[in-house]
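Coordinate analysis (summary)
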Amino acid sequence: MAGSEQPVIIIGGGIIGLASAWALHRRAIPCIVLDQEPIHDGASLGNAGLIVYGHPPLTRPGVSVQGLKWMFDSKSPLYIKPRFDGDLARWLLTFHRHCNKPHFEACLAVLAHLGWETARGFDEMRSDASIDCDWRPRGWLDVCLESSSLDESEREIEHLSPFGYTAERLDGDALRGTDPAFGDEVAGAVRFDQSATMDPLAFMRSLRRWLEREGVEIREGPRRGGVERLLTENERVTGVELASGEVIETERVVLAAGSWSGPLAATVGLNVPLQPARGYHRELTGLPAMPRMGGVLRETFIAFTPMFDRLRLAGTLEIAGHGRPWTRSRLENLTRAAQPYLRDLDEATITAEWAGYRPCTPDGMPMIGEVPWAKGLVVATGHAMMGMTLGPVTGRLVAEILCDGRPSIESPMLDPARFGRVD
Ligand SMILES: Cc1cc2nc3c(=O)[nH]c(=O)nc-3n(C[C@H](O)[C@H](O)[C@H](O)COP(=O)(O)OP(=O)(O)OC[C@H]3O[C@@H](n4cnc5c(N)ncnc54)[C@H](O)[C@@H]3O)c2cc1C
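Figured I'd write up the structure that's included with this text. (Residues numbered from 1 in each chain as written. Predicted model: local features only at pLDDT ≥ 70, side-chain atom pairs only at ≥ 80, totals over all residues. Heavy atoms only, no water.)

**Side note on the packing of aromatic side chains**
If you walk through the whole model with that rule in mind, you get eight aromatic pairs. Taking 5.2 Å as the distance between ring centres and 40 degrees as the angle between the ring planes, the aromatic pair formed by Phe-122 and Trp-135 counts as tilted. You can see Phe-122 sitting in helix H5 (residues 101-128) and its partner Trp-135 sitting in the loop between H5 and strand S5 (140-144), a full 13 residues away along the chain. For the pair Phe-122 and Trp-135, a shared accessibility class is recorded, and that class is buried. Consider the rings of Trp-140 and Phe-192, whose centres lie 4.8 Å apart with planes at 10 degrees: the pair is stacked. Remark: Phe-192 occurs in strand S7 (residues 188-192) and Trp-140 occurs in strand S5; sequence separation between them is 52 residues. Relative accessible area serves as the criterion here: at 7%, Phe-192 is assigned to the buried category. In this structure, Arg-421 is placed above the aromatic ring of Trp-373, and the distance from its NZ or CZ to the ring centre is 4.0 Å. (Phe/Tyr/Trp six-rings, centres within 6.5 Å; stacked < 30°, edge-to-face > 60°. Helix = DSSP H or I, 4+ residues; strand = E, 2+ residues; numbered from the N terminus. Buried < 20%, exposed > 50% of the residue type's maximum accessible area, 1.4 Å probe, protein only. Lys NZ or Arg CZ within 6 Å of the ring centre and 35° of its normal.)

**What about the site of the ligand?**
Looking at the ligand, there are 36 residues lining it, with Asp-35, Ser-44, Leu-50, Ala-384 and Thr-389 nearest. In this structure, a nitrogen atom belonging to the ligand sits 3.0 Å away from a main-chain N or O atom of Gln-36. Ala-48 is positioned with one of its backbone polar atoms (N or O) 3.0 Å from a nitrogen atom of the ligand. In the complex, 95% of the free accessible area of the ligand, which totals 1,000 Å², lies under the protein chains. At the level of elements, helix H1 (15-26), strand S2 (31-35), helix H2 (43-46), strand S14 (275-285), strand S18 (349-360) and helix H12 (387-404) are the ones that each hand at least two residues to the shell around the ligand. At four residues, the largest contribution of residues to the shell around the ligand is made by S18. Its residues placed into classes, the shell around the ligand shows 19 nonpolar, 14 polar and three charged. (Near = heavy atom within 4 Å. Polar contact = N/O pair within 3.5 Å; in protein donor to acceptor, adjacent residues only side chain to side chain. Areas by Shrake-Rupley, 256 points an atom, 1.4 Å probe, with all protein chains shown as cover. Nonpolar A, V, L, I, M, F, W, Y, C, P; charged D, E, K, R; others polar.)

**Re the pairing of S7**
Successive side chains on a regular strand alternate, one facing one side of the sheet and the next facing the other. A large share of S7 lies buried, amounting to four of its five residues. The pairing of S5 with S7 spans five bridges and is antiparallel. Residue pairing for S7: Val-143 is matched across the bridge by Ala-189. Bridge analysis of strand S6 (residues 167-171) against S7 gives five bridges, and the strand direction is antiparallel. Counterpart to Glu-168 in the pairing with S7 is Arg-191. (Pairing = 2+ DSSP bridges.)

**Regarding the environment of Ser-411**
In this structure, Ser-411 sits in the segment after H12. Note on Ser-411: relative accessible area 18%, which makes it buried. A distance of 3.0 Å separates the side chain of Ser-411 from the backbone nitrogen of Met-413, its partner in a polar contact.

Note that every value here comes from positions in space, so none of it alone points to a role or purpose.
Now the structure itself:
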């Protein structure tokens, strides 16, 4: 397919859209990125910035049952707003069916492989675009208050070690010896080695600037960049129609519209059953002791990430649809729940608050591939909690499909048509 005159149209200027533009540009394929919003506030800029290679999927054994228990607790880390909604009911049922050990292990085998490839992609991307994003390549910490949690975390190493990933258990004193930011109540941490942390806002801004300098056009706003539907003829994509009525003709489209991808996919009959899972962040400055590494406060599921002079606390998975008002108690809970882990949090100043949506599939796996009945249309979405991490490898697979006809990593678990068609 390479060599065609028409640029590839990429729908969505989050990490998946920009990484696809990066990978296509590396192959000298012209592309245009369309986004219905100004690109400065999406999930790809507000996330926790943990680049966790070999990240496990959301569909873990026992999670769906735990989720039901948390359903009515507005302070819980996973919250599903009870409501009558057929799509949500189907999503929850499918999710529940996938929360088992064999599926978890099958997912991990694919994700561990993608992890090594995305690590390589980050090196290439950071070097191509000279990205300055406070990249800290020393791994991430799973910090525990309870020694039973520490044992549990240590057992998780067993899932990843067959794929070459390593980790080390540190007791509380050893942890505080290397990083005095952690409080006396902390029992210890497991350090997972092959990972990094960064400031995703700085990363995305640098990548965008570089793409534009290289000649990639980025069109933003509802009229210039908002896509209303995908156009096909004789089982081939032929273009996109914008909200303004403008039609852009092309033979190649990448659908990377994050948690909004479902309705667009439905315009070509593809079922992309995503639930938007809202998460929050709060940023603090002026912390007397800033942690040197980022990670997760295990018992709370809150991520903490040093980003230049700020500490970002991020968390909560709230399945309540798009666009509802923020739940303030969840933001308050980020700092309150982090207090036993991190010293002197109350001396810091809150400088930013944010909420955004993870695109979650009901089987925990992203969708990356060409739609069999719409040749030239590549779907790249559903990355849930690992979109930042899997950005570079997803971009590369998109470019391989469009340029070489097939991706270098293939799995039915990534197939965008695995949930079938919609009328
Ligand atoms: C609180 C929180 C913490 C997280 N922490 C991490 C982490 O530590 N590590 C990690 O790897 N991942 C993390 N994630 C997940 C990660 O942020 C997402 O998986 C990732 O950002 C998804 O990227 P995306 O490009 O698919 O979607 P988005 O970033 O949502 O981008 C999609 C874009 O498409 C645009 N769009 C939608 N509809 C249309 C349309 N019709 N026409 C044109 N444009 C359209 C939207 O405006 C949007 O800009 C976190 C997420 C949250 C919310």
